[in-house]
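A closer look at the structure
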Amino acid sequence: MKFLTLEEWCKKTYSSNHPTLQTLQRWARGGYIYPAPEKHGRAYRVREDAIYINPRTFSLKNHNVRVNPLIENNHK
């Protein structure tokens, strides 16, 4: 699994109207990127397959996202 900086992920994910670094950092802290970015030193690192979500309305059932099997079993 490859990790990207927020800026690299942004360029890969958005073809135009890129969010600013400040916005990307706010999304990382606020849970708007799934799976959650990891902080390595002072910089966030994001999986290359990460997606933008709204954490209040997001449902894994609506997306083709693989979750830890232990979590899946606890929600049945």
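Residues numbered from 1 in each chain as written. Predicted model: local features only at pLDDT ≥ 70, side-chain atom pairs only at ≥ 80, totals over all residues. Heavy atoms only, no water.

1. What to know about the overall build of the protein
On a plain count of helices and strands, the protein comes out with three helices and five strands. The linear arrangement of helices and strands in the protein, starting from the amino end, is β-α-α-β-β-β-β-α. Of all 76 residues assigned to the protein, the portion counted as buried reaches 22%. Here the contacts in the protein between residues at least 6 apart in sequence split such that 44% fall between residues at least 24 apart. For the protein, the exposed surface amounts to about 6000 Å²; the carbon and sulfur share of it is 48%. (Helix = DSSP H or I, 4+ residues; strand = E, 2+ residues; numbered from the N terminus. Buried < 20%, exposed > 50% of the residue type's maximum accessible area, 1.4 Å probe, protein only. Contact = heavy atoms within 4.5 Å. Areas by Shrake-Rupley, 256 points an atom, 1.4 Å probe, with all protein chains shown as cover.)

2. A look at the nonpolar core
In this structure, L4, L6, W9, C10, L24, W27, A28, I33, Y44, V46 and A50 together form the largest nonpolar core, which totals eleven residues. Of all the secondary-structure elements, those providing two or more residues to this core are α1 (6-13), α2 (21-30) and β4 (43-47). The contacts of L6, once residues within four sequence positions are left out, are L21, L24, Q25, I33, Y44 and V46. (Core = buried A, V, L, I, M, F, W, Y, C linked by side-chain atoms within 4.5 Å.)

3. Details of the confidence of the model for the protein
Residues with a pLDDT of 70 or more make up 75% of the protein, whose mean pLDDT is 83. The least confident element of the protein, judged by mean pLDDT, is helix α3 (residues 69-74) at 53; the most confident is strand β1 (residues 3-5) at 96. (pLDDT = per-residue confidence, 0-100.)

4. Concerning α1
Of the residues making up α1, those classed as buried are L6, W9 and C10. Take α1 and look down its axis: the buried residues cluster within an arc of 100 degrees, on one side only. For α1, the exposed residues set more than 90 degrees away from the buried face come down to K11 and K12. The secondary structure elements touched by the buried residues of α1 are β1, α2, β2 (33-34), β4 and β5 (51-52). (Arc of directions from axis to C-beta.)

5. Side note on the sheet that holds strand β3 (residues 38-40)
With respect to topology, three strands assemble into an open sheet ordered β1-β4-β3, the strand pairing being antiparallel. Looking at which strands have only one partner, the edges of the open sheet turn out to be β1 and β3. When the angles between neighbouring strand axes are averaged without regard to direction, this sheet yields 45 degrees. By the bridge criterion, three bridges tie β3 to β4 in an arrangement that is antiparallel. When the sheet's bridge partners are listed, K39 is paired in β4 with Y44. Where α1 meets the sheet, its contacts fall on β1 and β4, and the angle it forms with β1 comes to roughly 95 degrees. (Pairing = 2+ DSSP bridges. Axes fitted to C-alpha atoms, helices over the stretch in contact; angles between N-to-C directions.)

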